[in-house]
Amino acid sequence: MREQVKANRAAGASGRRWHPLFIQQCIAIQRRSASAYNELSNILTLPSRRTLFEYTHAQTFEGGLDPNLLQRVVKELKEKMQAPDQESHVAITMDSMKLKEGLACNPRTGLITGFSALEGIDQQLADMEAGTDSIEGKEQATELFCIMLRSLTFKYDRVIAAWPCRNPTGQQIYSFVWRVIEALAMEDLNVVAVIADGASTNSRFFDLSGTQSVPGHKYPYKTRHPYRRNQWIWFIYDPVHQ
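In this text, all values refer to a predicted model and were calculated from it rather than measured experimentally. (Residues numbered from 1 in each chain as written. Predicted model: local features only at pLDDT ≥ 70, side-chain atom pairs only at ≥ 80, totals over all residues. Heavy atoms only, no water.)

(A) Just the overall build of the protein, in detail. Across its full length, the protein carries nine helices and six strands. Taken across its 242 residues, the protein has 40% of its residues classed as buried. The contacts in the protein between residues at least 6 apart in sequence include a share of 66% that link residues at least 24 apart. When the accessible area of the protein is evaluated, it comes to approximately 14,300 Å², of which 50% is carbon and sulfur surface. (Helix = DSSP H or I, 4+ residues; strand = E, 2+ residues; numbered from the N terminus. Buried < 20%, exposed > 50% of the residue type's maximum accessible area, 1.4 Å probe, protein only. Contact = heavy atoms within 4.5 Å. Areas by Shrake-Rupley, 256 points an atom, 1.4 Å probe, with all protein chains shown as cover.)

Shown next, in the form of structure tokens:
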């Protein structure tokens with residue numbers, strides 16, 4: 001009932017914001033009987049079939065370095081290469097995005113992610129009906145730490161890994177980034193640069209990773225590539241403000 005009140009108060013369909021559990025219920029009904037869902041839509045204000053389609057046909061993402069996503073991106077990148085020996089040199093950029101509270105990161109099921117521990121769906125439904133489905137007191141991811149792959153010879157960039165986290169540390173970022181560099185090396189892609197903004201945690205990552213520095217400069221600027229003999233990985237720190 002509360003979802004109906006919210007939907008009817010919205011200024012048009014584009015202004016409606018559906019609770020993830022409500023979306024999950026609608027998907028379940030629509031899958032059991034599309035005709036029954038259409039009939040209910042004539043009585044109640046429900047998400048459109050297009051909205052449900054976007055949820056059920058989205059890429060499932062569990063967080064972290066997804067092997068299936070990596071394989072798809074690598075294949076797509078290599079299909080664009082005309083000179084693989086030169087064009088296999090790539091860069092990675094890293095950044096954090098703030099997560100909205102209650103964000104549904106798993107569109108296929110409608111389950112709320114971002115929580116370190118999810119309650120059972122029965123309790124969530126009861127909370128929603130009682131109007132007490134707040135996140136207060138539940139530990140929740142506040143950021144999505146993303147790593148993007150960039151070609152150095154032609155226009156191509158894709159996010160290849162993302163970790164939901166809460167105030168990531170430099171040590172965590174160190175683990176994330178080197179995991180990605182290793183995975184790309186196994187796919188014959190040579191990371192030659194890591195690019196990041198001026199966040200203090202990124203500074204810590206460069207401190208942990210760097211082996212070469214310049215007198216008078218605060219942070220190391222390169223390190224040996226652990227999977228490529230006689231090659232360097234260069235650190236480009238806060239390029240926007242340099």
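(B) Spotlight on the state of the cysteines. The full count for this structure, using the stated rule, is zero disulfides. Looking at the unpaired Cys165, the closest cysteine sulfur is the one in Cys146, lying at 9.0 Å. (Disulfide = S-S within 2.5 Å.)

(C) Region of interest: the pairing of strand β4 (residues 190-196). Burial of β4 is extensive: six of the seven residues sit out of reach of the surface. Relative to β4, strand β1 (residues 89-98) is paired through six bridges, and the arrangement is parallel. Paired with Thr93 across the bridge in β4 is Ile195. Of the pairings in the sheet, the one linking β4 to strand β6 (residues 232-237) comprises four bridges and is parallel in character. Paired with Ala196 across the bridge in β6 is Tyr237. (Pairing = 2+ DSSP bridges.)

(D) Main features of unusual backbone geometry. You will see that Asp188, though not glycine, has its phi angle at about 65°, which is positive. Checked against the element boundaries, Asp188 lands in the loop between α8 (170-186) and β4. Even without being glycine, Asn230 reaches a positive phi, approximately 60°. Among the structural elements, Asn230 can be located in the loop between β5 (222-224) and β6.

(E) Structural context of the nonpolar core. With 36 residues, the main nonpolar core has Ile92, Met94, Ile147, Leu149, Leu184, Val194 and Phe205 as its most contacted residues. Mapped by element, the contributors of at least two residues to this core are α5 (67-80), β1, β2 (143-151), β3 (157-165), α8, β4, α9 (200-209) and β6. In terms of residues, this core owes the most to one element, α8, which gives eight residues. Beyond its immediate stretch of four places on either side in the chain, Ile147 contacts Ile92, Thr93, Met94, Arg158, Val159, Ile160, Ala161, Trp163, Phe176, Val177 and Val180. Counting eight residues, the second largest nonpolar core, distinct from the first, contains Ile23, Cys26, Ile27 and Leu52. (Core = buried A, V, L, I, M, F, W, Y, C linked by side-chain atoms within 4.5 Å.)

(F) Fine view of the packing of aromatic side chains. Per the counting criterion, the structure on display carries nine aromatic pairs. Arranged with centres 5.7 Å apart and planes meeting at 40°, the rings of Phe145 and Phe176 form a pair that is tilted. Highlighted residues: Phe145 in strand β2 and Phe176 in helix α8, separated in sequence by 31 residues. By way of ring pairs, the aromatic residues Tyr174, Trp178, Phe205, Phe206, Phe235 and Tyr237 are connected into one cluster. Here the basic side chain of Lys222 rests over the ring of Trp232, its NZ or CZ set 3.9 Å away from the ring centre. (Phe/Tyr/Trp six-rings, centres within 6.5 Å; stacked < 30°, edge-to-face > 60°. Lys NZ or Arg CZ within 6 Å of the ring centre and 35° of its normal.)

(G) Focus on the environment of Tyr37. Within the secondary structure, Tyr37 sits in helix α3 (residues 34-43). Its relative accessible area of 1% is what places Tyr37 among the buried residues. Taking the C-alpha atoms as reference points, Tyr37 and Ser48, separated by 11 residues in sequence, lie 9.9 Å from one another. Sequence-distant contacts of Tyr37, that is, excluding residues within four places in its chain, are made with Cys26, Ile29, Gln30, Leu46, Pro47 and Leu52.

(H) Region of the structure containing a nonpolar patch on the surface. There is a patch of nonpolar side chains on the surface, built from Ile29, Leu40, Ile43 and Leu44 and spanning about 340 Å² of accessible area. Checked against the element boundaries, Ile29 lands in helix α2 (residues 20-32). (Patch = residues over 30% accessible without salt bridge, like charges linked within 9 Å, V, L, I, M, F, W, Y side chains within 5 Å. Salt bridge = Lys/Arg side-chain N within 4 Å of Asp/Glu carboxyl O.)

(I) How the structure looks around the environment of Gln172. Take Gln172: it is sitting in helix α8. Note on Gln172: relative accessible area 33%, which makes it partly exposed. Expressed as a C-alpha distance, the spacing of Gln172 and Phe205, which sit 33 residues apart in the sequence, is 8.6 Å. From its side chain, Gln172 meets the backbone nitrogen of Thr169 in a polar contact 2.9 Å long. (Polar contact = N/O pair within 3.5 Å; in protein donor to acceptor, adjacent residues only side chain to side chain.)

(J) Representation of the sheet that holds β2. With respect to topology, six strands assemble into an open sheet ordered β3-β2-β1-β4-β6-β5, the strand pairing being mixed. Where the open sheet ends on each side, the last strands, each with one partner, are β3 and β5. Neighbour-to-neighbour, the strand axes of this sheet turn through a mean angle of 20°, independent of strand direction. Sheet contacts for α5: β1, β2 and β3; angle to β3, the most-contacted strand, approximately 165°. Sitting on the sheet, α9 is in contact with β1, β2, β4, β5 and β6, with an inclination near 155° to β6. (Axes fitted to C-alpha atoms, helices over the stretch in contact; angles between N-to-C directions.)

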